[in-house]
Structure formats: C-alpha cells, structure tokens
Amino acid sequence: MRKTYTTICFAVALMGGMLVLSNNSLAKFHTREESQRLREMVMRSGPHGTNDFFGGSGLCGGCHGHDPAAYALITAAGEDVSIYDDWAGTMMANSAHDPFWRAKVSHEILVNPAHQVEFETKCTSCHAPLGHFDAYYHGDTTYAIADLLTDSLARDGVSCGACHQQADSSILGKVFSGNLIFDTTRTVYGQYPAPFAGPMSSFIGFDVKQGTQIKKSGVCAGCHTLITESHDLAGNPTGNHFVEQATYHEWLNSIYNDEDGINDSLGQTCQGCHIPEINENIVIAANFSFLGPRKPFGKHHLVGANSFMIDLMRNNISALGITASTKNFDSAYVRTKRLMQDSAVLMNLTLASRTTDTAFYELKLTNKVGHKFPSGYPSRRAFVQFVVMDEDGDTLFKNGILNSAGVLVGQDPIYEPHHQMINNANDVQIYEMVPADVMGNVTTVLERANTVLKDNRLVPTGFSTSHFAYDTTKIVGDAESDADFNYTGSVEGSGTDMIQFHIPMYGYTGDLNIVATLYYQAIPKTYLDEMFTYSSPEISLFQGMFNATDQTPLLVTQIKDGNLFVAVDEAPAIMSLNIFPNPSPNGTFFINAGNPIDDITVYTLTGAVALQTKNTNWFTLNRRGTYIVRIRSGNREFVEKVIF
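All values reported here derive from a predicted model rather than from experimental measurement.

What counts and what doesn't
- Residues numbered from 1 in each chain as written.
- Predicted model: local features only at pLDDT ≥ 70, side-chain atom pairs only at ≥ 80, totals over all residues.
- Heavy atoms only, no water.
- Helix = DSSP H or I, 4+ residues; strand = E, 2+ residues; numbered from the N terminus.
- Buried < 20%, exposed > 50% of the residue type's maximum accessible area, 1.4 Å probe, protein only.
- Contact = heavy atoms within 4.5 Å.
- Disulfide = S-S within 2.5 Å.
- Salt bridge = Lys/Arg side-chain N within 4 Å of Asp/Glu carboxyl O.
- Pairing = 2+ DSSP bridges.
- Axes fitted to C-alpha atoms, helices over the stretch in contact; angles between N-to-C directions.
- Parallel < 35°, antiparallel > 145°, perpendicular 65-115°, else oblique.
- Left-handed = near helix turned anticlockwise from the far one by under 90°.
- Nonpolar A, V, L, I, M, F, W, Y, C, P; charged D, E, K, R; others polar.
- Core = buried A, V, L, I, M, F, W, Y, C linked by side-chain atoms within 4.5 Å.
- Patch = residues over 30% accessible without salt bridge, like charges linked within 9 Å, V, L, I, M, F, W, Y side chains within 5 Å.
- Areas by Shrake-Rupley, 256 points an atom, 1.4 Å probe, with all protein chains shown as cover.
- Expected span 1.5 Å × (residues − 1).
- Arc of directions from axis to C-beta.
- Phe/Tyr/Trp six-rings, centres within 6.5 Å; stacked < 30°, edge-to-face > 60°.

J.: Even after reading the chapter, I still don't get the overall build of the protein chain, so can you show me in this structure?
T.: A tally of regular secondary structure across the protein chain gives 17 helices and 26 strands. Per-residue burial for the protein chain yields a buried fraction of 54% across its 644 residues. Counted over contacts in the protein chain with a minimum sequence separation of 6, partners at least 24 positions apart contribute 65%.

Here is the structure:
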C-alpha cells in the first residue's frame, strides 16, 4: 500500500514534534520567540502533506515565505523577495487549478473519449507532477484527473519539488513531453554550497544538497517542449507526431543558449529571465537569526506572458479552490505586464518616402526574448495595429482593430496569412502558430493536430534554419519566403521582421500622426469557438469565467509619433541607425548612424522628457528603466525603445 500522509495528520505531527523538540533539538536552532513564530508561520496556505517522494509547498513556505521579523528574504532597500509568496500567484503554482487547462482536457476527452486515461496521464505529468510521479514511482502507469482531485500535492501544481528535486541526470535537457527525471531519495537541491540542512531534515524529512543542475535550462526542458502523437478524425494514430510547443528548443536555437558553455558572453538561461538574479546578500530562510546571507539570489517571479489567466484566477480564487491570495496574484500580474512591456519586443518606425498617392512606412519588430514570441501553447498570438491620422486627428487608415465581439476586423475566416507588405485595412499582421488536422483543416483539438499551416511567430536572435533543433522550431508559411523575416540583408539570425506599410493618401499632403501598437492575446475568443460547441462542467465553468474577465489584449509596445513627416515628392536617403548595447548594463548607449545626428530626446514611458542633447553619437541615462528615444537627422526621425 502506498505510503501517504494527510495534511491534518502531518501538521499535527509536525507541531507536536516542535513541542517535543522545544527544549532539546529545536533549541539548537531557535530562541523561544523564534520557535513561537515558526509555529505560527509553518502553516502556510499551501498543502503540508507529504508522499513518499515529495512535500507540499506549505512546508517550504514556513521558512521560505514572508518573514514578519524582516530579517530573511528582504533586500537592503526593503523589498520582500520571499520565495513562496513570489511563486504562489504564478501560472506554475496554479497549473493544476487552471480552469482553461481543465476545460481543454475535457474538450479533448469529449472528442476522443477512448483516449481519456492516456491523455489525462500525459497532461498531469506537467500540470500535477508531485501526484503524477509519486504514482509513477510506485509502479502505476496512469494518473488521471480523478486522481488529481483527491490529491492535495497534485493540486499544488508545479510546486517546489517539481524543480528542486530534479536529478542531475546525464539526460537532463534531452527528454521532453513530461518525462521528468527526479531524485527519489527525498533530496532537495539548491544553488548554494554547504546548505544549512538540519531543520529540513529534522522537521520535514528531506535532505538538502547543492546541485548545479538547478540553474540549467534543462530543468525546464521536460515540460516546455511537448510533442504529441497525431490522430485522425476517427481517433486512429496517423503515425505522425506534432510539436505542440517547443519553448526549450526555441531557446536552444538562439544566441542565448549557453548550456554547453559556448555562448557564455551572450548566453542567458531560462532562469536568467524567469528567476532574475540580484547580486545582493539575502538571508534565504526565516526563523534562524544566526543564518548568514547568500548571493546571488534568484527572485522566484516565474512569470511569462499570461496576464489574462492570472487575472481570471485572481477573480475566482474560491471557486477554483486556490490557496494563493489576491496579493500573490496582484504581484504576479504586475510582474507579467512589466516583463512583457520592458523586455519582449522592440519596434522601430521609419517613413521611407511619400508621394501624393502613398506614404511608405517600415515597421521593424525585434524579438528580445530567448525563444519565439509568442511561445508555448498554440492559442497564443500577437498582432500589429497600425493607425494613420491626419493633422486634425481624422483617421486615414487603420488595421488590426478588434470589433465588439473580440474579432480582428478583416481577419481571414480560416486563418490570416503572413504579410510582407500591407496596403489594405483588412490585412492584419498576426504572429501565431496554426495547427491543422489530417484533412488540412485548422483545428484546436490537440490530438488531431497533424501539421502546421502557419508559424510566423517572431524567432529569437541567432535563430537558424540549419540548427539541429530546427525540425521542432520551423518557420512555416509565407514568412519562410519573407526576405525581411529573421534576415538583415543576406545574414540570417536577426530575430526581426520588417513590415512594409503602403498607406493610400488620396491626395492628402499634410502632416501625419501614426500609432503603431503590438498587442498580445493568451486566449483569443475565436480560439475557443470550437471548444465552446461542446458541453461539460469544466467547459461551462471556464466559459463563465472567461466571459466575466476583461479580454482587452495586453499592449506590449507602442509608437506614437505625430511628427514622422516627409515633404511630398522628396526622396531623402533612408536613415541607417542602430543603438547599442540595448539593454545597456550601465545606462550608456552608443549610436551608429549613417547620417549626422541633429538632436536626441529621451522620454519615459509616461511621456516625460528624461534627456535632451544635440550633435552627439552617445547618451547616458542615470536611472534604470525603459525609455523611448527619438533621434532627428535632417527631415528624418528614428524612434526606438531602450532599456537600462
């Protein structure tokens, strides 16, 4: 019989153990006041049970959560960087409660009911790993949603042990689709040498060791590349496999890949962005007043792009049985938006030329993340909105507009192709992956996905069609033949896309006001149309929550320029300009320009002027943040976002 411990029994045993230890073993670690505070703190809202291999996040939160004494997990500036609290409001922490995931699993089962057990077993390997792998290591071959519903550790989602108990295996980073490799000796790994292991061993029965694997991107690989077996419309295997998502492989196919140590000067691991390090001394556990600090320290922000689902779950905490607080979700929501708007995509807009008939604009998008943008689950997309107004504010041209039903105006009913040039208001640039079934029809049923009709998602810098991982990260459709997609001239790997906008002027010769915006949607309403034709309690629950949640797309980046103007029939040389390094580690930026620079104005994101200077090829900012730089050269202007 499998050994398990219920939350109540374990908590009673733990508290009882503390009382027994209060005059002997506990006294080795705590003063009387610290012991009392530990008793109060240890009952975090996460589960406190254990199984034979893992423990609930509530056990970790007692020491690695908020410290009321403000001794542990606090920066010199007073910022609370508690590991448990930062993690608790993330998609990872709530992966097993995610109502969209539950609804989508239900949808797949309604389509192929004979595959229920196999499908749910595969899904729970990543969404509920502490329950799934406890069953697996006891010899069980299945772990379904019904098992998850009765297992508090499974409902703990991608909990602490899901990462910190992965083994330093020779195949780390080489197995995918939920095939995680855990250390089964109840050992927890961290980045620091000589860990203070006594309390964890005494109180919750886990050993602590240093493990270099904890900072490797391979820890993320097992769940962030998912390859599924394709089925036809009758549910029969086609013999083909479908790459549902390949975020890890996209990172491998980039300049940020430093797993083998080759790109150390450029490299950035997954943790480097999603668990951002600060080079500051931090005491990493509360209740131990004698503990010294450690550095560097990784903030467990663990956010990506899905602010919509964080908002939805924040508004439905009780209905979803979530243990995180509104405050936890608020923090994750703000961090998600900040990461997207500060670090995801840069846009540059130039007016190449203009006649009485047409204004010729070039909009350049540069992917700044270490994988495709968007990445992950196939519902995710980004789109460009381009609006041109005259000097009185009347609209001359607009595309990429959502109507009241949440549908992009002019979007093709099947799917929108990739565009190299746009001169029609009904053409909109959508960056997305579009799966198709064996008949070549667009599908959102994952088991029916057999091929890809379109994948023009922005690729990362350094991305190459000759890379060994290209078979799982392909560019598909019209973007494949777009000379400006991931190319600068004949050189591949720019991580950019250039859209040519040819805007009809109809004889208008006055000034133009431009607003170019990149928006992101985690779950567009049209993606749900197929699922919402089916009925189940999970689908109905999610549909109600979805309809009640603000569906405004997330604004990633925007250029508002009321002065991009070239006199009619003039044909000035196109301004060639590059700002580097961007981001800048010290606030100094250099400008490589093909034309003499007249003046530079730097704005904050609120529109305030941060710096003005003339006739220079460099500038320095004195406060960290994200800025908009406007550079004027003759009758041309150049606008770019920079990060210090």
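J.: Sorry, what's going on with the state of the cysteines here?
T.: The bond known as a disulfide is covalent and runs between the sulfur atoms of two cysteines. Throughout the structure, instances matching the rule amount to one disulfide. Disulfide pairing places C126 opposite C223 at an S-S distance of 2.1 Å. Note on the C126 and C223 pair: the S-S dihedral is about -105°, so by sign convention the disulfide is left-handed. With C126 in helix 6 (residues 116-127) and C223 in helix 11 (residues 218-224), this pair connects stretches of sequence that are 97 residues apart.

J.: Is there a simple way to explain the pattern of salt bridges in this structure?
T.: Opposite charge on two side chains lets them pair, provided their charged atoms get close. Inspection of every chain in the model, using the stated rule, returns twelve salt bridges. Linking K215 and E277 is a salt bridge whose minimum nitrogen-to-oxygen distance equals 2.6 Å. With K215 in the loop between strand 2 (207-210) and helix 11 and E277 in strand 5 (residues 277-278), this pair connects stretches of sequence that are 62 residues apart. When its relative accessible area of 40% is taken as the criterion, E277 is described as partly exposed. Of the charged contacts in the structure, one is a salt bridge between K372 and D455, with a shortest N-O distance of 2.9 Å. Here K372, found in the loop between strand 8 (358-367) and strand 9 (381-390), pairs with D455, found in strand 14 (residues 451-455); they are 83 residues apart in sequence, far enough to count as distant. Put simply, E250, K372, D455 and R457 are held in one network by salt bridges that share partners.

J.: Explain the sheet that holds strand 25 (residues 626-633) to me, please; I cannot follow it from the model alone.
T.: Pairing is antiparallel across the open sheet formed by four strands, whose spatial order is 23-22-25-26. Of all strands in the sheet, those bounded by a partner on one side alone are strand 23 (609-614) and strand 26 (636-643). Each strand axis lies, on average, 15° off the axis of its neighbour in the sheet, ignoring direction. Relative to strand 26, strand 25 is paired through eight bridges, and the arrangement is antiparallel.

J.: Would you take a moment to explain the packing of helix 5 (residues 99-111) against helix 6 for this structure?
T.: Relative orientation and spacing of two packed helices are given, respectively, by the angle between their axes and the distance between those axes. With their axes 10 Å apart at the nearest point, helix 5 and helix 6 run at an angle of 160° to one another. The angle between helix 5 and helix 6 places the two elements in the roughly antiparallel class. As for how helix 5 packs across helix 6, the hand of that crossing is right-handed. Residue-level inspection shows W101, V105, E108 and I109 of helix 5 in contact with helix 6, the latter providing Q116, F119, E120, C123, T124 and H127. Split into classes, the residues belonging to the contact of helix 5 with helix 6 amount to five nonpolar, three polar and two charged.

J.: Would you mind showing me how to read the nonpolar core here?
T.: In a soluble, globular protein the nonpolar side chains are often hidden away together inside. By size, the foremost hydrophobic cluster in this structure holds 73 residues, and its most contacted members are Y361, L365, F373, F386 and F542. The residues contacting F373, other than those within four sequence positions of it, are M340, A344, V345, N367, A382, Y431, R457, L458, L518, Y520 and V556. The next biggest cluster of nonpolar side chains, apart from the first, holds 15 residues, and it includes L577, I597, V602 and L621.

J.: Sorry, what's going on with the packing of helix 14 (residues 307-314) against helix 16 (residues 326-343) here?
T.: Contact geometry for helix 14 and helix 16: axes closest at 9 Å, N-to-C directions at 165°. Taken together, the axes of helix 14 and helix 16 lie roughly antiparallel to each other. By crossing handedness, the relation of helix 14 to helix 16 is classed as left-handed. Across from S307, I310, D311, M313 and R314 in helix 14, the residues of helix 16 making contact are T326, F329, D330, A332, Y333, T336 and K337. Residue composition of the contact of helix 14 with helix 16, grouped by class: five nonpolar, three polar and four charged.

J.: Hey, could you run me through unusual backbone geometry in this one?
T.: In this chain, K295 is followed by P296 through a cis amide linkage whose omega measures -5°. Its location among the elements puts P296 in the loop between strand 5 and strand 6 (297-298). The step from N582 to P583 runs through a cis peptide bond, and the omega angle for that step is 10°. Its place among the elements puts P583 in the loop between strand 20 (577-580) and strand 21 (588-593). With a phi close to 50°, A194 is a non-glycine residue in the positive phi region.

J.: Can you help me understand a nonpolar patch on the surface in this one?
T.: A contiguous nonpolar patch, built from L233, V438 and M439 and spanning about 270 Å² of accessible area, is present on the exposed surface. Summarising the element assignment, V438 is placed in the loop between strand 13 (433-436) and strand 14.

J.: Even after reading the chapter, I still don't get the pairing of strand 21, so can you show me in this structure?
T.: Working note: regular strand, side chains alternate between the two faces of the sheet. The pairing of strand 20 with strand 21 spans four bridges and is classified as antiparallel. The residue bridging L577 from the neighbouring strand is A593, located in strand 21. The sheet contact formed by strand 21 and strand 24 (residues 618-620) spans three bridges and is antiparallel. Its bridge partner being in strand 24, F590 is matched across the sheet by W618.

J.: Just to check I follow, could you spell out helix 3 (residues 57-64) for this structure?
T.: Where burial is concerned, most of helix 3 is hidden: six out of the eight residues are buried. What helix 3 keeps buried is the set S57, G58, L59, G61, G62 and C63.

J.: Help me understand the pairing of strand 17 (residues 496-504) in this model?
T.: For strand 17, the buried fraction is high: seven of the nine residues fall into the buried class. Bridge count between strand 8 and strand 17: nine bridges; the pairing is antiparallel. Bridged to L363 within strand 17 is I499. With two bridges connecting them, strand 11 (residues 421-422) and strand 17 associate as parallel partners. Bridge pairing in strand 17 links I422 to F501.

J.: Which parts of the structure should I look at to understand helix 17 (residues 537-548)?
T.: Owing to its 3.6 residues per turn, the α-helix aligns residues three or four sequence positions apart on the same side. The end-to-end C-alpha distance of helix 17, which contains twelve residues, comes to 17 Å, matching closely the 16 Å that a straight helix rising 1.5 Å per residue would cover. Three or more residues of helix 17 are buried, namely I539, F542, M545 and F546. Take helix 17 and look down its axis: the buried residues cluster within an arc of 135°, on one side only. In helix 17, the exposed positions angled more than 90 degrees off the buried face are occupied by P537, N547 and A548. On the buried face of helix 17, the contacting elements are helix 5, helix 14 and helix 15 (317-320).

J.: Sorry if this is basic, but what is going on with the sheet that holds strand 24 here?
T.: For sheets, the rule is that strands pair by backbone hydrogen bonds, running either parallel or antiparallel. One open sheet accounts for three strands, arranged 20-21-24; its pairing is antiparallel. Since the sheet does not close on itself, it has two edges, and those belong to strand 20 and strand 24, each with one partner. Each adjacent strand pair in this sheet contributes to an overall mean axis angle of 20°, direction not counted.

J.: Even after reading the chapter, I still don't get the packing of aromatic side chains, so can you show me in this structure?
T.: Tallying each qualifying case throughout the model produces 26 aromatic pairs. Centroid distance F53 to Y137: 5.3 Å. Interplanar angle 55°. Geometry classified as tilted. One end of the pair, F53, is in the loop between helix 2 (32-41) and helix 3; the other, Y137, is in helix 7 (residues 129-137), with 84 residues separating them in the sequence. Note on F532 and F546: the rings are 6.4 Å apart at their centroids and 65° apart in plane angle, and the pair reads as edge-to-face.

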